[in-house]
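These are the residues of each chain, in order.
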Amino acid sequence: MPTTYTTAILITGGTSGLGWHTALNLAHTSPPTTLLILASRSAPAAPLPSPHTKYLALDLSSAAGVQAFVKTWSTCSYPSISALILNAGLQFLGPPSFSPDGYENTFAINHLGNAHLYYRLLAGGFLAPTARIILVGSQTHSPAAKTGLPDAYYATAEALAHPGPEKKEVAQTGNGRQRYGTSKLCNLLWAYALKRRLGKAPEGQRKSVLVFNPGLMPGTGLARAAPAWQVWIWKRVLPRLVPLLRVVVSKDVHTQEESGRNLAGLVGKVVGEGEGLYFENNGVGLETSKDSLVEAKQEDLWTWTVKAVAKDEGEREVFERGW
Ligand SMILES: NC(=O)c1ccc[n+]([C@@H]2O[C@H](COP(=O)([O-])OP(=O)(O)OC[C@H]3O[C@@H](n4cnc5c(N)ncnc54)[C@H](OP(=O)(O)O)[C@@H]3O)[C@@H](O)[C@H]2O)c1
């Protein structure tokens, strides 16, 4: 007899790295009435982890890709989404490259595509009234964390979407890693703006938003744009050295399995009033950078994003409200 699903969990980028390990965990811990959907551009390389897991194609790099996904979703008679895990993200090295809609790629995928998906699922009524939204952030958003990446820098959303030519001294290697850290700062800025709006929703219709810091997880597909020898070290060598790296580099180094388990744990985490929205692997709240707390930046990003993806005044109103 086919299963009657009562709820769904959707993970962007659920087919590889952190998203895949989160999916493995959720597939084993969720009841059979929960439908787990993994969404990315390419299907997973391994068999799906349970009969209650499905793959749906999603390309977050363009507005058309997000719209096509939500259109497919609307024809699938899936139950409401109780947890939306906005995990998909990439690094682009070298000089800026641009999405089909003309936005810088890191910003377009890591921030804009994931945010756009939230707005469209919300407007379509596909999110449960008390859905949990989880973004995957990173300590690279914070200069104080000294991760070794260039400091994240947010002036305006417009400047990130359409960066000008790079200064001569960085033109060779590009500012790709800085753009990556800044995109993770955008995840936090947008999450704060969303949280402010969700707080205005009536009791019983209050969704919640959290951001997860998975730490450094060698072996995932994140380094795919790096030179081949670096990818080899990242994929083949560093994952074996995690316990050592934790001692000599930073305690914020984790296996994909650990971070996947801990991200899955945030789906049902009860969060107290004063706990904030940013959590690390051990479930403890973390401070976010000074920049992430600047309300003017949060609102600049929110307003720009809504304007970029809303097709008309009706959509703009729903997206702007955020709940
Ligand atoms: N690895 C780390 O050390 C680390 C540290 C901190 C934070 N993070 C964050 O963790 C998250 C997951 O990254 P990961 O390290 O697990 O890397 P990963 O293995 O490369 O996973 C990224 C996922 O995103 C999907 N994706 C990429 N572009 C997409 C697009 N345009 N549309 C839809 N899906 C897309 C990929 O699938 P397709 O390419 O098939 O689309 C893949 O499933 C990211 O947000 C990353 O910023 C990673």
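Look a little higher up for the structure.
Criteria and thresholds
- Residues numbered from 1 in each chain as written.
- Predicted model: local features only at pLDDT ≥ 70, side-chain atom pairs only at ≥ 80, totals over all residues.
- Heavy atoms only, no water.
- Near = heavy atom within 4 Å.
- Polar contact = N/O pair within 3.5 Å; in protein donor to acceptor, adjacent residues only side chain to side chain.
- Helix = DSSP H or I, 4+ residues; strand = E, 2+ residues; numbered from the N terminus.
- Nonpolar A, V, L, I, M, F, W, Y, C, P; charged D, E, K, R; others polar.
- Axes fitted to C-alpha atoms, helices over the stretch in contact; angles between N-to-C directions.
- Parallel < 35°, antiparallel > 145°, perpendicular 65-115°, else oblique.
- Contact = heavy atoms within 4.5 Å.
- Phe/Tyr/Trp six-rings, centres within 6.5 Å; stacked < 30°, edge-to-face > 60°.
- Buried < 20%, exposed > 50% of the residue type's maximum accessible area, 1.4 Å probe, protein only.
- Core = buried A, V, L, I, M, F, W, Y, C linked by side-chain atoms within 4.5 Å.
- Pairing = 2+ DSSP bridges.

J.: What am I meant to see in the site of the ligand here?
T.: Around the ligand there are 31 residues in total, and Ser16, Ser42, Asn87, Tyr180 and Thr220 lie nearest to it. Contact distances for the ligand include 3.4 Å between an oxygen atom and a backbone N or O atom of Leu222. When contributions to the shell around the ligand are tallied by element, the ones reaching two or more residues are helix H1 (17-29) and helix H5 (176-198). The residue inventory of the shell around the ligand, partitioned by class, reads 13 nonpolar, 14 polar and 4 charged.

J.: What's the story with the packing of H5 against helix H9 (residues 295-309) in this structure? I'm lost.
T.: The geometry of a pair of packed helices is captured by two quantities: the angle between their axes and the separation between those axes. Between H5 and H9, whose axes approach to 8 Å, the crossing angle comes to 90°. Judged by the inter-axis angle, H5 sits roughly perpendicular to H9. Mapping the contact onto sequence places Cys186, Leu189, Trp190, Tyr192, Ala193, Leu194, Arg196 and Arg197 in H5 and Glu295, Lys297, Gln298, Glu299, Leu301 and Trp302 in H9.

J.: I tried to follow the packing of aromatic side chains on my own but got confused; where do I start?
T.: When we look at a pair of aromatic rings, we describe it by the centre distance and by the angle of the planes. As enumerated under the stated definition, the model contains 10 aromatic pairs in all. A centroid spacing of 5.3 Å and a plane angle of 70° characterise the contact between Tyr103 and Trp304, whose relative ring orientation is edge-to-face. Note that Tyr103 is positioned in the loop between strand S4 (81-86) and helix H3 (105-123) and Trp304 in helix H9, a separation of 201 residues in sequence. For the pair Tyr103 and Trp304, one class covers both residues: buried. Residues Trp190 and Trp302 carry aromatic rings whose centres are separated by 5.5 Å and whose planes lie at 15° to one another, so their mutual orientation is stacked.

J.: Just checking my understanding: could you explain the nonpolar core for this structure?
T.: Soluble globular proteins tend to pack their nonpolar side chains together in the buried interior. Counting 64 residues, the largest nonpolar core has Leu10, Trp73, Leu84, Leu117, Tyr118 and Trp190 as its most contacted members. Judged by nonpolar contacts, the second largest core, of 20 residues, contains Ala23, Leu26, Leu210 and Ala264.

J.: What is the right way to look at the sheet that holds S4 in this model?
T.: In any sheet, the strands associate via hydrogen bonds between backbone groups, in a parallel or an antiparallel arrangement. Ordered by their spatial adjacency, 7 strands build an open sheet running S3-S2-S1-S4-S5-S6-S7, and the pairing between neighbours is parallel. The sheet is open, and its two borders are formed by strand S3 (53-57) and strand S7 (278-279), each paired with just one other strand. Relative to S4, strand S1 (residues 7-12) runs parallel, the two being bridged by 5 bridges. The partner of Leu10 across the bridge, within S4, is Leu84. Here H3 sits on the sheet and contacts S1, S4 and strand S5 (127-136); the angle it forms with S4, its principal contact strand, is near 165°.

J.: I tried to follow unusual backbone geometry on my own but got confused; where do I start?
T.: Phi is mostly negative for residues that are not glycine, and the peptide bonds are mostly trans. You will see that Ser77, though not glycine, has its phi angle at about 50°, which is positive. Counting through the fold element by element, Ser77 comes out in the loop between helix H2 (63-74) and S4. With a phi close to 45°, Lys146 is a non-glycine residue in the positive phi region. Structurally, the position occupied by Lys146 is in the loop between S5 and helix H4 (157-161).

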